[in-house]
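Structural characterization, general
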Amino acid sequence: MNNTSINRKIINIHLYPSSFQNESRIEKIAHSIEKCKIFTDIVLIGTKESGIEPTRKIGKNTEIKLFGISNLNYGIFYKMFVFIFWYISILKYVLFRPIKCINVHSLSSLPLGVICKILKGSKLVYDTHELETETISQSRFRKKFAKFIEKKLIPFSDHVFVVSESIASWYQEQYRIKRPTVVLNVPSITKKQKFNIFREKFPIKSSQKILIYQGDLSYGRGVEILLNVFLKRDHNNCVVVFMGNGDLREKIIKASNKSTIIFFQNFVNPKNVYKYTASADIGVALIENACLSYYYCLPNKLFEYAMSGLPVIVSNVYEMAKLVESAENGVVTKCIGKECFEAAIKDILSKNLTKLGLNSRKIAEKNSWNNQEKRIYEIYKKQLFS
């Protein structure tokens, strides 16, 4: 690439330490920014992973580039070296290119974003996907350190995006900044269809209702609770399908091998998730109230269920409960536990599932990505690059 062609470019980069195998929110944001026609190129920069192509196109002017070296499990000091090398690789890339906007999608990438902004005089957008300083995995020291870093660096941002109104309020009050813009992590509007993949694949009777849990099969998300409920359940009026990947995958597979009402579906291509979701009857999102980040979350799967027209059962965490109660599209459990979840199943099965499903679809269409990207367009076209 010669210097003349480089100088004609106006580049927007997105920084996130992953190989972009399942980062649908970032890809949707990039495609929405591409529609603004501000930049000639949009580059999603992640970390190298063994077996993953380091460069791939995902749009007309949008591509993914993976920098650094593969992060093998060689211990914490090796991982620190990998992360530092990733920083250096990106700085070398940024230094000789016309970067006009830097989007940072994690707190760990924020210092790098600030450095790049100072070097290039670029706009800096901080798009946090959760309340990172208030997650369950952080020790007291790490939490304090993370908040210190975020508080010092967030003023460098030209704009901040968050994923729920409660998180927007938290940032505004905690750091005394202008209220961030809320862009929900939701799917685009799709044609409403019903599929039957699970009944065709698994021995599920037409009389049995299918509950689905999809997404990260990890701790703190109610997966173990849901699994234990169905392992001990006496009734067979409904079954549960776990779809996804994570730390609890093998435990779920073992349970499915000895139960007639528990089934496991491996994660599928994001383009085909809708067909699987629409093959269930009820969606389940049991986020445990284990930290403030979970309490304020509005997970993508909740809206994927809604877009498929599924009634939902959700745990009593603030944002999810508020949405479901106002939309009247499901049931909120009183607590996380066998008795409460059994009561929730009984409650939802006694209701008009068709009506609840229609309410789900309405709330999904109202909050769809088609509407979220209007906010992105507003910020980029009328504020950041007017």
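Report on the accompanying structure. Quantities reported herein were computed from a predicted structural model and do not represent experimental measurements.

Describing the overall build of the protein chain
Within the protein chain one finds 16 helices and 14 strands. Relative to the globule expectation of 21 Å for 386 residues, the C-alpha radius of gyration of the protein chain, 22 Å, shows essentially globular dimensions. Within the protein chain, the fraction of its 386 residues that count as buried is 54%. Relative to all contacts within the protein chain whose residues are 6 or more apart in sequence, the contacts with residues 24 or more apart total 65%. Entry remark: accessible area of the protein chain is about 18,700 Å², with carbon and sulfur atoms responsible for 52%. Here the protein chain contributes 58 positive and 33 negative side-chain charges, whose respective centroids are spaced 4 Å apart.

Overview of the pattern of salt bridges
Summed over all chains, the structure comprises 18 salt bridges. Across the pair Lys-65 and Glu-63 runs a salt bridge whose closest N-O atoms are separated by 3.9 Å. What makes Glu-63 buried here is its relative accessible area of 18%. Its salt-bridge partner being Glu-165, residue Arg-179 comes within 2.8 Å of it at the nearest N-O pair. One end of the pair, Arg-179, is in the loop between helix H6 (165–175) and strand E8 (181–182); the other, Glu-165, is in helix H6, and 14 residues separate them in sequence. Residue classification places Arg-179 among the partly exposed positions, given a relative accessible area of 31%. Within the structure, one salt-bridge network assembled from shared partners comprises Glu-134, Lys-143 and Lys-147.

What about unusual backbone geometry?
Despite not being glycine, Lys-37 has its phi angle at roughly 60°, a positive value. Within the element layout of this structure, Lys-37 appears in the loop between helix H2 (24–35) and strand E2 (41–47). The backbone of Arg-176 shows a phi angle near 55°, a positive value even though the residue is not glycine.

Overview of the environment of Ala-327
Position of Ala-327 among the secondary structure elements: in helix H13 (residues 318–327). Setting aside chain neighbours within four positions, we find Ala-327 in contact with Asn-359 and Ile-363.

Describing the sheet that holds strand E7 (residues 159–162)
Working definition: the strands of a sheet are paired by backbone hydrogen bonds and lie parallel or antiparallel to each other. Pairing is mixed across the open sheet formed by eight strands, whose spatial order is E3-E4-E2-E1-E5-E6-E7-E8. Looking at the sheet topology across the chains shown, the edges are occupied by strand E3 (55–57) and E8. With three bridges joining them, E3 and strand E4 (residues 62–67) adopt antiparallel strand pairing. Bridge assignment links Lys-57 to a residue of E4, and that residue is Glu-63.

Let's talk about the state of the cysteines
Counting across every chain of the model gives one disulfide. For Cys-335, the disulfide goes to Cys-340, at an S-S distance of 1.8 Å. Here the disulfide of Cys-335 and Cys-340 is right-handed, its torsion about the S-S bond being about 95°. Residue Cys-340 is classed as buried on the basis of its relative accessible area, which comes to 17%. There is no disulfide at Cys-101, and the cysteine sulfur nearest it, in Cys-36, is 10 Å away. Lacking any disulfide linkage, Cys-297 is separated from the closest cysteine sulfur, that of Cys-291, by 8.4 Å. Overall, Cys-297 belongs to the buried group, its relative accessible area being 15%.

A word on the nonpolar core
For soluble globular proteins, the rule of thumb is that nonpolar side chains tend to be buried together. With 125 residues, the main nonpolar core has Phe-230 and Tyr-380 as its most contacted residues. The element that contributes the greatest number of residues to this core is strand E10 (residues 238–245), accounting for six residues. Contacts of Tyr-380, omitting those with residues within four sequence positions, involve Ile-33, Cys-36, Ile-38, Phe-39, Cys-101, Asn-103, Val-125, Phe-161, Phe-385 and Ser-386.

Digging into the environment of Asn-352
Structurally, Asn-352 is set in the loop between helix H14 (338–349) and helix H15 (353–366). C-alpha separation for the pair Asn-352 and Glu-63, spaced 289 residues apart in sequence, amounts to 45 Å. Of the polar contacts made by the side chain of Asn-352, one reaches the backbone nitrogen of Thr-354; its length is 3.1 Å. Looking at Asn-352, its side chain comes within polar contact range of the main-chain nitrogen of Lys-355, at 3.1 Å.

What counts, and where the lines are drawn
- Residues numbered from 1 in each chain as written.
- Predicted model: local features only at pLDDT ≥ 70, side-chain atom pairs only at ≥ 80, totals over all residues.
- Heavy atoms only, no water.
- Helix = DSSP H or I, 4+ residues; strand = E, 2+ residues; numbered from the N terminus.
- Rg over C-alpha atoms; globule rule 2.2 N^0.38 Å.
- Buried < 20%, exposed > 50% of the residue type's maximum accessible area, 1.4 Å probe, protein only.
- Contact = heavy atoms within 4.5 Å.
- Areas by Shrake-Rupley, 256 points an atom, 1.4 Å probe, with all protein chains shown as cover.
- Lys, Arg positive; Asp, Glu negative; His and termini not counted.
- Charge placed at Lys NZ, Arg CZ, Asp CG, Glu CD.
- Salt bridge = Lys/Arg side-chain N within 4 Å of Asp/Glu carboxyl O.
- Pairing = 2+ DSSP bridges.
- Disulfide = S-S within 2.5 Å.
- Core = buried A, V, L, I, M, F, W, Y, C linked by side-chain atoms within 4.5 Å.
- Polar contact = N/O pair within 3.5 Å; in protein donor to acceptor, adjacent residues only side chain to side chain.

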